[in-house]
Amino acid sequence: MLGAAFWGFVAASALLVGALVGAFWRAPGRPLGIIAGFGAGALVSALAFDLTREAYDRAGGTGVTIGLLAGAAAFYVGDLLLTLRGAGERKRSGGQMAGAAGSALLLGALLDGIPESVALGATLLDGGEVGLAFVAAVFISNFPEALSSSTGMRRAGHTRAGILGTWAAVVAVSALASALGYGLLDGVSPGVLAFVQAFAAGAILCMLADTLFPEAYEEAGPLVGLVTALGFAAAFALSAAD
């Protein structure tokens, strides 16, 4: 479990780095959108080859399909509830979340990050070796997420201490979620493990479509399509070589 917590921390640490940058510097929108697009593409590749494919090999198509849809539905409901509390624009850099309470933004960050961390812990169950492609994809995508959100929180009037505290808490919970994902799933049946992996993949995919892709395109325009493909190809190459 300590190994899973370590890798969960490594992947989530990019959130704190992005938060530090966003809290003290207003990053230009176009580079931010490019990085976000690349990270999103890398994460989509990791979902396909390190989560969904592994889940399919374990349990077949029916269980994976149900897990994907259940994960997406769970994220949708959670995101809808947070939108009602003013945190629907939590990944935007323009200060759109001015009316959101800090607690809502924290819950939103946890909603976005926990599925990744649980899935990362689950990947360690295959021989105890971490999937480097998945860790790299989560790390790369986490940086622009936190940078964009922290920039927006700063513009919305949140204090630097509050911003950094929010993301530090998310990093800590992410490490714990990875450890729990490893510990609680160790020894479960292949069908249960496959469902959890597919559930996480569905939630992450829904998160990307709802939050990261719109912000990336808004900031960088059509170039996002190209860099997303580059991110996907880079993660696939790393996964194939792993």
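Predicted model, so just to flag it, every value in this text is computed and none were measured.

A.B. asks: In this structure, what is going on with the overall build of the protein chain? I would like to understand it.
C.D. replies: The helix and strand inventory of the protein chain stands at 7 helices and 0 strands. Along the protein chain, helices (α) and strands (β) appear in the sequence α-α-α-α-α-α-α when read from the amino end. Counting every atom, the protein chain has about 9,900 Å² of accessible surface; 71% of that belongs to carbon and sulfur.

A.B. asks: In this structure, what is going on with the environment of leucine 193? I would like to understand it.
C.D. replies: Examined against the element boundaries, leucine 193 turns out to sit in helix α6 (residues 190-220). Residues leucine 193 and alanine 59, 134 residues apart in the sequence, show an inter-C-alpha distance of 8.8 Å. In this view, leucine 193 contacts Arg58, Ala122, Leu125, Leu185 and Val188; residues no more than four positions away in its chain are not counted.

A.B. asks: Looking at this structure, how should I read helix α7 (residues 223-241)?
C.D. replies: Since there are 3.6 residues in each turn of an α-helix, residues three or four apart along the chain are aligned in direction. If you check α7, its first and last C-alpha atoms are 27 Å apart, about what 19 residues at 1.5 Å a residue would give, namely 27 Å. When we look at burial in α7, the residues that qualify are Val224, Val227, Thr228, Gly231, Ala235 and Ser239. Burial along α7 is one-sided: seen end-on, the buried residues are contained in an arc of 115°. Relative to its buried face, α7 has exposed residues pointing more than 90 degrees away, namely Leu226, Ala240 and Ala241. At its buried positions, α7 is contacted by α2 (29-84), α4 (132-155) and α6.

A.B. asks: Looking at this model, I keep getting lost on the packing of α4 against helix α5 (residues 160-185). Mind explaining?
C.D. replies: Helices that pack against each other are described as a pair by the angle of their axes relative to one another and the distance between those axes. For the pair α4 and α5, interaxial distance at closest approach is 10 Å and the crossing angle is 150°. Between α4 and α5, the interaxial angle falls into the category roughly antiparallel. The two elements α4 and α5 cross, and the hand of that crossing is right-handed. Contact residues: Ala146, Ser149, Ser150, Met153 and Arg154 in α4; Arg160, Ile163, Thr166 and Trp167 in α5.

Scoring rules and cut-offs
Residues numbered from 1 in each chain as written. Predicted model: local features only at pLDDT ≥ 70, side-chain atom pairs only at ≥ 80, totals over all residues. Heavy atoms only, no water. Helix = DSSP H or I, 4+ residues; strand = E, 2+ residues; numbered from the N terminus. Areas by Shrake-Rupley, 256 points an atom, 1.4 Å probe, with all protein chains shown as cover. Contact = heavy atoms within 4.5 Å. Expected span 1.5 Å × (residues − 1). Buried < 20%, exposed > 50% of the residue type's maximum accessible area, 1.4 Å probe, protein only. Arc of directions from axis to C-beta. Axes fitted to C-alpha atoms, helices over the stretch in contact; angles between N-to-C directions. Parallel < 35°, antiparallel > 145°, perpendicular 65-115°, else oblique. Left-handed = near helix turned anticlockwise from the far one by under 90°.

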